[in-house]
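A look at the structure
Listed here are the chains, written in short residue letters.
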Amino acid sequence: MVPPSVTIPQTAPPVLRSDDRSRVQRDKMKRRLEQRQGGPSTTPAPSPSKKPPPRKSKEAASSSSSTPPASPASPGLQLNVCEVSQTAANLSWAATGSANVSGSEDSGLAEPPPPEATTMYQLSIGKKGKEQKILYFGTDRSFQLDNLQPGTEYSIRLAAVLAGEGGSASSTAYTSFTTLPSSPSTPSPPRLVGRTKTSLTLKWSSCPNGGSPLTAYILELSDSDGQWQQIYKGREKQFTVSKLLAGASYSFRLAAANAFGESPFCPPVTFHTQEPLPPTPAPPRLASQALADRLLLEWDPAEIVDAYKLEQAEELAPNGAAPAFFLVYHGPDCRFESQNLQPASAYLYRLKVEANGQCSQPSVAARHVTIPAPPFAPARPQLRGRPQAHSVRLGWAQPLHTGGAPILAYQLQFDMGQGFQDVWSGQGCETVINELAPGRLYQARVAAINSAGISNFSEVAQFNTAAAPPGLPVWTRKQQPPSTHAVTLHWDPPAADGGAPVHHFEVEVADAHSRRPAYQGAEPFCVVSGLQAATLYHFFVRAANMAGLGPWSPELTLQTAVAPPAMPEPPSVEVSEDGVAEFSWPPLSTATSYGLQLALLEEPSAEPQYKQEYSGSDSNCQVANLAPGSTYLARLQGSNASGAGSFSTPVVFCTPVSVPGALPHAPHCVSLKSDGSSAHLVVSFEQPVHWGGDSHGPLSYQLETVPSNPEQAPFHVNTDELTVELDLQLESTYRLRVRAVNIKGPGPSSPALRVTTPPPPPPAPSLSLIAAQPRALRLGWEVVEGTTVILEMRLSEAHKFHTVFQGRENRHKVTNLKKNTEYQFRTIAVGPGGQSDPSEVFIFRTKPEPICLPTNLKFSETSSSSILATWQAPADHKSRLQSSSSRHGPFTVVYEGSECQYELRDLTPNTEYWIRASLVHNGEEGAWTTPAVACIVVKAAAEAVSRPAQVASTPAVERRQRPRALSEEQKKAAIVAVFLFLSVVLAVFLARTVTM
């Protein structure tokens, strides 16, 4: 390990050898050096063919490490080389007395190094003329060199470095040596570069010569007995072995030789000569019908085959040369589809067979032809010449490929905004298309047609037809009225713009003397000014686009208006006592009508708000309905067809005080009530429209009634209490009017309020019983039109009456009553006059429950002429039984009593008897049951002896029996049972749903 105080040179760190063999060699070298102790140097002399290099200085020796000179060790450091072999050498070195290791160059004495200093040695080696590399750096004085190349000259550089606290110094020694030569190294195996059926051509690479030039290469061949025979010896690196068998395998090995001997042989390699050629196959044939761009070929399989080679060539080669075949398939299949072929073209195909590494001779070329195909798309259509406004000339180039068949026609399509449509079809590559719109973008495409079909359409060509001048502008039907010196004109752009946008319009104006331009611009309207009043003018307009100017429109004739009249004189005014103002003014010669405006001066500082009060052609007028006791401003204005003139100077006038104005609305009925003897009316009203110019306002209000009430006198109320209450007669009509009164007297009456007092209440109607049921009573009464009846009921004196019906009907059914129970009723009538007193109390009773039917009516035979009838009935009911020989009667009572059975005797066998039953309770008779049939059947004598006759029902009787109808109670019970069943099912379903 390098001590920390040693300065390492600017080279790579040394590679230290730490194996046991190196350590032993160094120990040997140290012992030999200790035995000699300063003996002569054993460094071998340089080669006699080379001169020793000149002596270098210590600085030059230390700075040169790539190409050191081959010289003896430099003074101060002795380097020895010994035991040089073909691949190894031993190095040792020692310091001499002249070595300067103390850093002083003037002193010739060797000074001992300081005890703390350490001498380190750096050993570098390299081939002569090449860069050296450091092999060792350490304190040892010997080193074993291994893995050297034989016969190679090496240069050695050794540097001694003194490291310590006081600094460092170094000395360098150089030497060179050459390793011993040897036999060549084992060459690489030869490789095969060519072969035939009887020969193999081998080639090999050079190998290391062991430091001596190669003299020969030795190539040996193994015979059939496994013995190696030399077949070539020489300096060449390639040799052809001939006279071999076809399809046989041979093994070879190679060695090299120089002056020092032969190298070992390389590992053997084996090569094969070519097999005999397979037999020539039959030419390929078509496997299916030929297509335009592909041919499906097949061939017969060979007996021995590794692969097939299919070659293809065009029959017509360029420049008349022979067909050039090229490989299109290589594989084991006996079928191949040749694709991407030209339509209607002939192709040649030949087949080869590969077997055992050999390829057979090609088969006879087979000629196959593809069918024609639709042609390629023609070139994009091009314009021929400049496009016209309504026509274009188009041309196009023929397709690059006609598909193997002549072109029969071309089909041209145009897109005019609704998709491509056929516009022309025919021969030739040029055509003219007419009837086009000017300045419009069109798209065109063309397709070629041959016997195989139509081609794809060409690329789309776009072109514009030439623009044309625009059409006629159209004057707007309704023009603005002309003024005195200007006219505003409007027109619509032309319907046909000629295929180019209209960029401006031109307007000319003409009068009786001249015609001149009046406007040029892009807007479809203009104002022509500088005209004379009341003059007739003619106007013309035309449009322009990039193609030029369009035609002039038809003339538009307009006459300018006359000038507005001048400012009139102020009007004169006279106001009468009743507030009517009469105005008059001198007429104006240029005015056709006059307008009078008035403004009420409510506050002197406020801006007057004028209102039009008169408009007409007269020079005087009257204005009524002016506010009394008010100040007004009046102004006059004249107008004619040209407009209105200026207003005159305002005139101030005042109106006199008058009676109060009328109330704006009729009195309002607040409430109207009746106490049975009289009607109480409460009315309210508003203040008048004005107070007649009196600042004190109305002093009172006067209420008038028709028919007049002599006891009702005018009354006074405060202005904030405009409500009065009156007592009127019942079933009477009144008209009420109110007017205000001030110091000038009463004003006009307000609109009348028509009030009709209600009539007296209607009498309560009497009740009558229409029908009684066990649990309901149907009651009736007489009803007066417009009267509402209230029906009240109570159970007894101890209960209160409660309403069970209210309406305008004349009957009502009271339900949910108890059977055989008395109820008390009364009525109340409600009409326009109010509600009457309750009527007298009426008492009605519900009926008892109806008598039920006997149940379970059965018949049993007691003898050959009698039948026992049995049934079920309540214990407190009596039973009745009837019999008949027909279903529809007549029936005869055969039993009446409290028993529930009865025996019918003296009956005729094999005869039907119809029997029915009913119940009687408290003297009331119940309904009869449905008749049931009974019959005694008597059979043959033998059977009659064995068993007695029995009651039977014939099929006809059975068919006539019907299920008995359910009673009302049974129906109700059935409905309740069904409802309970559905409730249980729904509850179970909901419970399961919640659980899930």
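This write-up is about the structure you can find in this document. This one's a predicted model, so the numbers in the text were calculated from it and none came from an experiment.

1. Digging into the overall build of the chain
- The helix and strand tally for the chain stands at five helices and 71 strands.
- Buried positions account for 37% of the 996 residues belonging to the chain.
- Looking at the chain alone, contacts between residues at least 24 apart form 64% of all its contacts between residues at least 6 apart.
- Summed over all atoms, the accessible surface of the chain reaches about 57000 Å², with 52% contributed by carbon and sulfur.

2. Here we look at the sheet that holds strand β24 (residues 382–383)
- As summarised here, the arrangement of the three strands in space is β24-β25-β28, forming an open sheet in which the pairing is antiparallel. Whereas interior strands pair on both sides, the edge strands pair on one side only; in this sheet they are β24 and β28 (430–433).
- Looking at chain direction, strand β25 (residues 392–395) and β28 are connected through four bridges and run antiparallel. Following the sheet pairing, R393 is matched in β28 by V432.

3. With respect to the environment of S617
- Examined against the element boundaries, S617 turns out to sit in the loop between β43 (611–616) and β44 (620–623).
- Given the relative accessible area of 53%, S617 is considered exposed.
- For S617 and Y594, which are 23 residues apart along the polypeptide, the C-alpha to C-alpha distance reads 5.8 Å.
- When residues no more than four places from it in sequence are discounted, the contact partners of S617 are T592, S593 and Y594.

4. Considering the sheet that holds strand β36 (residues 525–529)
- Ordered in space as β32-β33-β36, the three strands form an open sheet in which the pairing is antiparallel. The open sheet has two free edges, formed respectively by β32 (474–475) and β36, since each of these has just one partner strand.
- Bridge count for strand β33 (residues 486–492) against β36 is five bridges, and the pairing is antiparallel. Residue pairing across strands places L489 opposite C526, the latter belonging to β36.

5. Notes on the pairing of strand β65 (residues 878–884)
- Burial runs high along β65: six of the seven residues are buried.
- Strand direction decides the pairing type here: β65 and strand β66 (residues 892–897), joined by five bridges, are antiparallel. If you follow Q882 over to β66, its bridge partner there is V893.

6. Some words on the side chain of T788
- Locating T788 in the fold gives a position in strand β57 (residues 788–794).
- Its relative accessible area of 16% is what places T788 among the buried residues.
- Those residues in contact with T788 that lie beyond four places of it in its chain are Q806, G807, R808, I828, A829 and V830.

Conventions and cut-offs
- Position numbers for residues start from 1 in each chain and track the written sequence from start to end.
- For this predicted model, a pLDDT threshold of at least 70 governs which residues receive local features, and a threshold of 80 or more governs which side-chain atom pairs are given and counted, while totals over whole chains, interfaces and linings are taken from all residues.
- The side-chain figures draw on all heavy atoms in the structure; neither hydrogens nor water molecules are used.
- Every helix listed is a DSSP run of H or I at least four residues long, and every strand listed is a run of E at least two residues long, numbered separately from the N terminus.
- Note on exposure labels: buried denotes an accessible area under 20% of the residue type's maximum, exposed denotes more than 50%, and partly exposed covers the range between, all computed with a 1.4 Å probe on protein chains only.
- Here, residues are in contact when the closest pair of their heavy atoms is within 4.5 Å.
- Methods summary: accessible areas were calculated by the Shrake-Rupley approach with a probe of 1.4 Å, and residue burial reflects only the protein chains presented.
- Here, strands pair whenever DSSP counts at least two bridges between them.

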